[in-house]
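Chains, contacts and geometry: an overview
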Amino acid sequence: MTTQNMTHDNKSIVQQALTALVATGDVNALAPLLSDDFRHHRPDATSKTKSEWLAAVGAALAPLAGMQVEIQHVLADGEHVVMHSRRRLPDAGPEITVIDIWRLNNGLIAEAWEIIEPASQATANLTWWEIR
């Protein structure tokens with residue numbers, strides 16, 4: 001398989017995973033797309049393994065039923081896929097910006113990193129480096 005084909009296939013797998021998850025709200029739609037040794041690397045997360053992460057996503061999705069997801073960009077290079085999305089929480093809730101980085105191995109999602117930022121707080125975060 002060429003790197004170009006792998007990149008295209010990996011983008012499709014990640015888009016399929018998010019679409020299935022948002023469309024069904026069921027982590028069981030996502031589970032087959034994750035490797036058994038999947039690792040989640042978000043710094044503040046308590047869920048690191050496949051089963052822990054699926055349970056955390058399932059618990060988070062219940063109150064988020066009806067969340068709107070607008071994918072802004074999906075970029076891929078070999079085994080890595082980066083997705084930038086804007087999400088609006090239900091009932092006119094706040095908008096959040098999410099950056100997901102996925103690493104795929106043998107057609108399955110093996111690792112994930114994510115950054116989540118409420119859009120309303122973006123301006124405050126522009127000056128994080130200033131000494132106070």
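First, a word on scope: everything that follows refers to the structure included in this document. The model shown is predicted, which means the values in this text are computed figures rather than measured ones.

**Things to note about the overall build of the protein chain**
Scanning the protein chain from terminus to terminus reveals two helices and five strands. Each helix and strand of the protein chain, placed in order from N terminus to C terminus, yields the pattern α-β-α-β-β-β-β. Among the 132 residues that make up the protein chain, the fraction classed as buried is 33%. The long-range share in the protein chain, meaning contacts at least 24 apart out of those at least 6 apart in sequence, stands at 38%. Accessible surface, the protein chain as shown: approximately 8200 Å² in total, 55% of it carbon and sulfur.

**Topic: the sheet that holds strand 5 (residues 108–118)**
Spatially, the five strands line up as an open sheet ordered 1-5-4-3-2, and their pairing is mixed. Where the open sheet ends on each side, the last strands, each with one partner, are strand 1 (34–40) and strand 2 (68–77). Between one strand and the next, the sheet's axes are offset by a mean angle of 20°, whatever the strand orientation. Two strands pair when backbone bridges link them, and strand 3 (residues 80–88) and strand 4 (residues 95–105) are joined in this way by nine bridges, in the antiparallel orientation. Counted as the bridge partner of S85 is V98 from strand 4. Relative to strand 1, helix 2 (residues 50–61) is tilted by about 75°, and along the sheet it contacts strand 1, strand 4 and strand 5.

**Examining the pairing of strand 2**
Note: strand 2 against strand 3, nine bridges, orientation antiparallel. Residue D77 lies in a different strand from strand 3, and its bridge partner there is H80. Hairpin connection between strand 2 and strand 3: a loop of two residues separates the two successive antiparallel strands, and G78 in this loop has a positive phi of roughly 60°.

**Concerning the pattern of salt bridges**
This structure, assessed with the given rule, holds six salt bridges. The shortest N-O distance in the salt bridge between E95 and R86 comes to 3.0 Å. By relative accessible area, E95 is classed as buried at 18%. A salt bridge links E111 to R103, with the shortest nitrogen-to-oxygen separation between them at 2.4 Å. Like E111, the residue R103 is buried in the burial classification. Beyond isolated ion pairs, a larger network of salt bridges with shared partners links E79, R103 and E111.

**Quick word on the environment of V22**
With respect to the helices and strands, the residue V22 is situated in helix 1 (residues 3–24). Judged by relative accessible area, V22 falls into the partly exposed class, the value being 37%. For the pair V22 and V69, spaced 47 residues apart in the sequence, the C-alpha separation amounts to 7.8 Å. Setting aside its immediate chain neighbours within four residues, V22 contacts M67 and V69.

**Some thoughts on unusual backbone geometry**
For residues that are not glycine, phi is negative in most cases, and the peptide bond is trans in most cases. Unlike most non-glycine residues, N106 shows phi in positive territory, near 55°. The exposure class of N106 is exposed, given its relative accessible area of 74%.

Cut-offs applied
- Residues numbered from 1 in each chain as written.
- Predicted model: local features only at pLDDT ≥ 70, side-chain atom pairs only at ≥ 80, totals over all residues.
- Heavy atoms only, no water.
- Helix = DSSP H or I, 4+ residues; strand = E, 2+ residues; numbered from the N terminus.
- Buried < 20%, exposed > 50% of the residue type's maximum accessible area, 1.4 Å probe, protein only.
- Contact = heavy atoms within 4.5 Å.
- Areas by Shrake-Rupley, 256 points an atom, 1.4 Å probe, with all protein chains shown as cover.
- Pairing = 2+ DSSP bridges.
- Axes fitted to C-alpha atoms, helices over the stretch in contact; angles between N-to-C directions.
- Salt bridge = Lys/Arg side-chain N within 4 Å of Asp/Glu carboxyl O.

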